[in-house]
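Single-letter residue listing:
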Amino acid sequence: MVETHESDVLRGQPPTFTPEEAAGLAAELFGMRGTASPLGSERDQGFLIRGADRPLGALKISNASEDPAIVDMETAAALHVLGADPSLPVAGPLVAVGADPAAGPIAYRARASDAAGAEHLVRASTYMPGTASIDPLELDGDALFDHGVTIARLGRAMRSFFDPSAGRVLLWDVQHALSLRPMADAIEDPAHRALLDGVLDRFERDVLPRWPSLRSQVIHGDVTLDNALVDARGRISGIIDFGDMSHTALVCDLSSALESLLAGRDPADVVPLAMRCIDGYRSITPLEPEELALLPDLLSTRLVTVAVLFGWRARRHPDNDYLRGWEERLWPLLASLEANGREALRARLRAGDEAADARSLIARRASVFGPALSPLTYDRPLHLVRGEGVWLVDADGRRFLDCYNNVPVVGHGHPRVTDAIARQSRVLNTNMRYLHGTAIELAERLVASMPAGSGLDTVLFVNSGSEANDTAWRLATAWTGARGGLASAFAYHGVTQAITDVSPEEWRGDDRPAHVEVFVPLDRYRDDTAPELAAEDLLRATERLQERGILPAATFVDGGFTSDGILAVPPAYVRALADLSHEIGALYIADEVQVGHGRTGDGLWSFAANDVSADIVTLGKPMGNGHPVAALITRRELTERFAETTEWFSTFGGNPVACAAALAVLDVIEDERLVERAARVGPLLRAAIAALMPAHPSIGDVRGVGLLSGVELVRDPGTKEPDPELAGAVKNAMRERGVLVGSTGPRDNVLKVRPPLVFGEEHISLVVEALEDSLRAIGR
């Protein structure tokens, strides 16, 4: 055992003052005149001092071995907490008779000698109402939630407190749990000893190496039912003892409280009630991943600590009933936790790393999702568990350069976006039927980003690009009175029924919607037709609709023609599509879901960069960096016509959390100059890939705009025949080399390279090397 002041206190005989003597000390030293009633204590003595008609306060007589510096630290902490959060129910220290408060903590203590001549430090505090040492079974889940709240508030109030004495080795502090091993002989029952040894072994193996990663500060350390008073509803009404303070992991405040609150519970109730307390705590102080991961082990270790220290002291002080009070409830709780409760709690906390292997997950996925769901990407599906910036990490810890996902436009897990989501979700999440400034601010930002004179002044919020396009379609049909749709030959615009109809990529076989026609987009790799002439295929598509007696309501255009093979058409072509749409009486819907938010490198929106006159602009995928949020921007007159026939509302569209995420994304794009980065890095990436073409003629074309790039793979550069088999093989080979790309196009032969916009020059060589190595390995 570590020989410290703490061991002296533990070995020392608790004070033995009688209630009459305690009453005399209270009157003499602190001016409280009344009777004294004993309060339970492990190593000190506590008394409630009651006057003729009301309680006056509490008296604490310390163990003779107690260090005055420790006592002064406890007083200073209580005073600090009351200053930081005056509404916390902390017993206020009382100044000793004749002392000057300006002297500091020393003014709040006095000395008294017992019958044997041993000198003890004596303190007093204000009276706190409530019941002491309540049976935890009397507390329901709501009470435990409130306990968690109070404990977290106490920790927050103490986070700016420090005292050198807090660095003491306190055996109640579980970070010193291994120092309990020499004292473990106090546990005589073999089954109990086996539990104890198992917990300490695991602590040494799994917890102690991770201890330095835990948030630490000076904490109370013992807000248990022995050190807290509760009111009639079971809520904490008084915190009366700071005797187990130390500088340690913040989460130990929570594990200590749980030990007390869960003792004696039915095993079936332990995890649900633990979660109620934990939820209360993290409603004030969110728990970090490492804290969540270790909390179940810290709870078991705390129980072992209580068992050893109480058992060890009970051997020395067999007449102290307090030291035996927890034994019959502690061991069943520990046994339950070690049997399966600890892992059940960890699972409920969602704290553990995903342990299931990929093969098992694939089987489970197939079982519950069925065949309609799009298949997993890559021949060897990825089991991803974490993302950061341009990197994704799988369950084995391998990092992959993400050059495929355009949703995390500002990078996976961007701290500003995740913080905005977390902060707003802890405060409020409602809907657009209530006033909230975040939605209004976001709408104003979006309107301000539209081209001057465009008339795009009205915003509707939804949850996905599919919903944005669906709503755009409803606006278009309401405005024009027509019901025909026009889209590029292999476009994708969403998953709702109406939008699947204008998404030819989703069509199967010859089953095509009668009210939709497609135009063939300009493919400059194979077609050198002038842009304005190429756009006239839209007129031919319109004629086919009219032959069926259908007039066009809208033309949907993804400015990057992503699903058509990332065609990188010239601005004149897109302008011609918009002009022709207006000539035939249709609205032009600029679908910015794939290319918006700066991906093209020439502004936030591709339609604006191309000087296109759009009637409706739809946003989605990257708008919340992965959080569901989408929008459309249009002219007010369109929504006024729409409002004549319907009252439009989206339950989650424009909710405060979604809007907080979207605002953070716009801020990051601006602050990190990601549009400029896309303009700079994209051409460098394409040039580096194009440099491979002489040695690898299967690369037929490299094209794109900003950080949206297509690498078309062909069987023969002369015939330009698409090679989808090669594209699939290369995509999988690059995955094995740690670089993720997708594939697209009518023949699925175009490698789709569209990384988060935080992709930089330093990543280009990784992409090029993976592509070159893959082609070489395949023999192409």
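Nothing here was measured: the structure is a model prediction, and the numbers come from that model. (Residues numbered from 1 in each chain as written. Predicted model: local features only at pLDDT ≥ 70, side-chain atom pairs only at ≥ 80, totals over all residues. Heavy atoms only, no water.)

(A) Quick peek at helix α17 (residues 571-583). Over its 13 residues, α17 extends 19 Å from the first C-alpha to the last, a length consistent with the 18 Å expected when each residue adds 1.5 Å. Along α17, the residues classified as buried are Ala 572, Tyr 573, Val 574, Ala 576, Leu 577, Ala 578, Leu 580 and Ser 581. Structurally, α17 contributes buried residues whose contacts are with β15 (516-519), α15 (531-534), α16 (537-547), β16 (552-558) and β17 (587-591). Once α17 finishes, Gly 585 follows within two positions and takes phi at roughly 85 degrees, a positive value. (Helix = DSSP H or I, 4+ residues; strand = E, 2+ residues; numbered from the N terminus. Expected span 1.5 Å × (residues − 1). Buried < 20%, exposed > 50% of the residue type's maximum accessible area, 1.4 Å probe, protein only. Contact = heavy atoms within 4.5 Å.)

(B) Region of the structure containing the sheet that holds strand β24 (residues 750-753). Pairing in this open sheet of 4 strands is antiparallel, and the strands run β20-β21-β24-β23 from one edge to the other. At either end of the open sheet lies a strand with only one pairing partner, and these are β20 (699-705) and β23 (742-744). Put simply, the sheet's adjacent strands are angled 30 degrees from each other on average, direction ignored. In terms of strand pairing, β20 meets strand β21 (residues 708-713) through 6 bridges, oriented antiparallel. Looking at β21, one finds that Ile 699 is bridged to Leu 713. Strand contacts of helix α21 (residues 674-690): β20, β21 and β24, with the helix running at about 175 degrees to β20, the strand carrying the most contacts. (Pairing = 2+ DSSP bridges. Axes fitted to C-alpha atoms, helices over the stretch in contact; angles between N-to-C directions.)

(C) Just the layout of surface pockets, in detail. By volume, the largest pocket is sized at about 1400 Å³. Among the secondary structure elements, those contributing two or more residues to the lining of the largest pocket are α10 (358-369) and β23. Looking at the lining of the largest pocket element by element, the count peaks at 5 residues for α10. For the lining of the largest pocket, the class distribution of residues is 17 nonpolar, 11 polar and 10 charged. Lining of the second largest pocket is provided by 49 residues; of these, Lys 60, Asp 226, Asn 227, Ile 240 and Asp 241 occupy positions nearest its centre. (1 Å grid on protein atoms, 1.4 Å probe; cavity = no way out; pocket = protein on both sides within 12 Å on 5 of 7 lines; lining within 4 Å. Points joined across faces, edges and corners; volume = space filled by probe spheres on them. Nonpolar A, V, L, I, M, F, W, Y, C, P; charged D, E, K, R; others polar.)

(D) Representation of the packing of aromatic side chains within the structure. Under the counting rule described, the total for this entry stands at 4 aromatic pairs. The ring of Phe 649 carries Arg 433 above its face, with NZ or CZ at 3.6 Å from the centroid. (Phe/Tyr/Trp six-rings, centres within 6.5 Å; stacked < 30°, edge-to-face > 60°. Lys NZ or Arg CZ within 6 Å of the ring centre and 35° of its normal.)

(E) Here's a closer look at the pairing of strand β12 (residues 399-402). Here strand β11 (residues 391-394) pairs with β12 via 3 bridges, running antiparallel. By the bridge assignment, Trp 391 is partnered in β12 with Leu 401. Here β12 pairs with strand β22 (residues 739-740) via 2 bridges, running parallel. Paired with Asp 402 across the bridge in β22 is Leu 740.

(F) Spotlight on the environment of Arg 780. With respect to the helices and strands, the residue Arg 780 is situated in the segment after α23 (761-778). Once residues lying within four places of it in the same chain are set aside, the contact partners of Arg 780 are His 696, Ser 698, Val 714, Arg 715, Asp 723, Leu 726 and Leu 775.

(G) How the structure looks around the state of the cysteines. Under the defined criterion, the tally for this structure stands at 0 disulfides. Here Cys 277 is not disulfide-linked; the sulfur of Cys 252 is the nearest cysteine sulfur, at 14 Å. (Disulfide = S-S within 2.5 Å.)

(H) Spatial organisation of the packing of helix α4 (residues 141-158) against helix α6 (residues 252-262). The contact between α4 and α6 brings their axes to 10 Å, and the two run at 150 degrees. As far as their axial angle goes, α6 and α4 are roughly antiparallel. For the pair α4 and α6, the sense of crossing is right-handed. Facing Leu 144, His 147, Ile 151 and Gly 155 of α4, the residues of α6 in contact are Asp 253, Ala 257 and Leu 261. Of the residues that constitute the contact of α4 with α6, the class distribution is 4 nonpolar, 2 polar and 1 charged. (Parallel < 35°, antiparallel > 145°, perpendicular 65-115°, else oblique. Left-handed = near helix turned anticlockwise from the far one by under 90°.)

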